[in-house]
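Residues per chain are reported as follows:
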Amino acid sequence: MTTARQDPLWLDVTRRIQRMIHDAALVPGDRLPTETDLAARFGVNRHTVRRALKHLEEQGNIEARQGRGRFLRLPAIQYQIGARPRFSNILSDQDLEPGTELLGIGVERAPEALARTLSLRTGSRVVHVERLGLASGNPISMSSHYLPLGRFPKFIEYYERHHSITRTLAACGLDDYVRKSTRVTSRLPTAHEREVLGVPKHVPLIVTRSCNVDTRGWPIEYGEARMASDRIELEIATPLG
């Protein structure tokens with residue numbers, strides 16, 4: 001008599017976690033219970049739960065965020081780089097709620113390379129804004145923005161009121177601007193970026209460096225964005241004709 005082969009315990013736990021996700025109507029971005037909670041719920045040890053969760057990560061169903069736990073994986077966000085990139089519009093078009101968190105804002109002196117990009121004298125005063133980009137409450141990017149203080153002397157005052165770079169520039173009298181250039185590279189995250197974005201140390205960041213200009217072609221902003229490569233897909237929009 002042949003004994004039926006049994007699946008390993010961790011695979012059974014994997015299926016039970018999947019049923020739990022379905023029964024609880026969890027949606028992408030929701031946090032899963034801890035390993036300890038899952039082990040108690042299913043009556044197994046944490047090693048078995050950890051193996052099951054690892055399998056779900058490998059299948060792309062969940063993701064681990066450093067220091068925050070495991071979450072149902074969000075679908076990759078299609079981020080288009082075009083002439084008029086607007087963070088909120090890009091996310092809203094994908095039924096995601098855009099959000100930003102201000103990490104810091106102040107005035108500093110522009111070093112030579114930054115001054116050259118913004119067509120300023122070295123040492124000119126620039127506004128420096130650091131922000132965290134959120135998609136339905138989930139961190140997806142960190143960004144640095146530099147703008148000439150001489151042209152936008154009330155930028156900080158208006159930003160504290162509007163919480164949006166586009167709306168702040170409009171309040172400063174600049175109704176439209178376009179992206180002149182974008183350079184895309186990648187690198188591993190720093191310890192600070194891993195903590196803020198919740199990415200593992202082995203997952204690279206997509207780094208974009210861009211210069212925005214007004215309708216006359218004068219530089220008005222230099223920006224650098226660091227995006228989690230497992231949550232973003234870049235699309236380069238090119239003009240027709």
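Given the structure is predicted, the values throughout are model-derived calculations rather than measurements.

Asker: Would you take a moment to explain the packing of aromatic side chains for this structure?
Answerer: Each pair of aromatic rings is reported with the distance of its centres and the angle of its planes. In total, this model carries two aromatic pairs according to the counting rule given. Ring geometry for phenylalanine 155 against tyrosine 159: centres 6.0 Å apart, planes inclined by 20 degrees, an arrangement best described as stacked. Linking phenylalanine 155 with tyrosine 159, this pair stays in helix α6 (residues 155-162), spanning four residues, or about one helical turn. Overall, tyrosine 159 belongs to the buried group, its relative accessible area being 2%. In this structure, arginine 51 packs its charged tip against the face of tryptophan 10, placed 4.0 Å from the ring centre.

Asker: Can you walk me through the nonpolar core in this structure?
Answerer: Here is a general trend for soluble globular proteins: nonpolar side chains tend to be buried in one another's company. The biggest cluster of nonpolar side chains holds 15 residues, and the ones touching the most others in it are Val13, Ile17, Leu32, Leu38, Val49 and Leu53. Where this core is concerned, the elements lending two or more residues are α1 (9-23), α2 (35-42) and α3 (46-58).

Asker: Could you clarify how one ought to interpret the packing of α1 against α3 in this entry?
Answerer: If you want to describe how two helices pack, look at the angle between their axes and the distance between the axes. Put simply, α1 and α3 touch, their axes get as near as 8 Å, and they point 65 degrees apart. Considering the relative orientation of α1 and α3, their crossing is right-handed. Facing Leu9, Trp10, Val13, Thr14, Ile17 and Gln18 of α1, the residues of α3 in contact are Thr48, Val49, Arg51, Ala52, Leu53, His55 and Leu56. Partitioning the contact of α1 with α3 into residue classes produces eight nonpolar, four polar and one charged.

Asker: What am I meant to see in the pattern of salt bridges here?
Answerer: Two side chains of opposite charge can pair, provided their charged atoms sit close to one another. Scanning the entire structure with this criterion turns up 16 salt bridges. A salt bridge links arginine 116 to glutamate 112; the nearest nitrogen and oxygen atoms lie 3.6 Å apart. Here arginine 116 and its partner glutamate 112 are both found in helix α5 (residues 112-117), four residues apart, which amounts to about one turn of the helix. Of the residues examined, glutamate 112 reaches a relative accessible area of 52% and is grouped as exposed. For arginine 187, the salt bridge identified is with glutamate 193, shortest N-O distance 2.8 Å. The exposure class of arginine 187 is partly exposed, given its relative accessible area of 28%. A residue is classified by how much of its surface remains accessible, and glutamate 193, at 5% relative accessible area, is buried.

Asker: What exactly am I supposed to notice about unusual backbone geometry here?
Answerer: Most peptide bonds are trans, and most residues other than glycine sit at a negative phi. Positive phi is not limited to glycine here, since serine 119 has a value of about 55 degrees. Examined against the element boundaries, serine 119 turns out to sit in the loop between α5 and β5 (125-135). Phi is positive for serine 136, which is not a glycine, with a value near 50 degrees. Counting through the fold element by element, serine 136 comes out in the loop between β5 and β6 (138-148).

The rules behind the values
- Residues numbered from 1 in each chain as written.
- Predicted model: local features only at pLDDT ≥ 70, side-chain atom pairs only at ≥ 80, totals over all residues.
- Heavy atoms only, no water.
- Phe/Tyr/Trp six-rings, centres within 6.5 Å; stacked < 30°, edge-to-face > 60°.
- Helix = DSSP H or I, 4+ residues; strand = E, 2+ residues; numbered from the N terminus.
- Buried < 20%, exposed > 50% of the residue type's maximum accessible area, 1.4 Å probe, protein only.
- Lys NZ or Arg CZ within 6 Å of the ring centre and 35° of its normal.
- Core = buried A, V, L, I, M, F, W, Y, C linked by side-chain atoms within 4.5 Å.
- Axes fitted to C-alpha atoms, helices over the stretch in contact; angles between N-to-C directions.
- Left-handed = near helix turned anticlockwise from the far one by under 90°.
- Contact = heavy atoms within 4.5 Å.
- Nonpolar A, V, L, I, M, F, W, Y, C, P; charged D, E, K, R; others polar.
- Salt bridge = Lys/Arg side-chain N within 4 Å of Asp/Glu carboxyl O.

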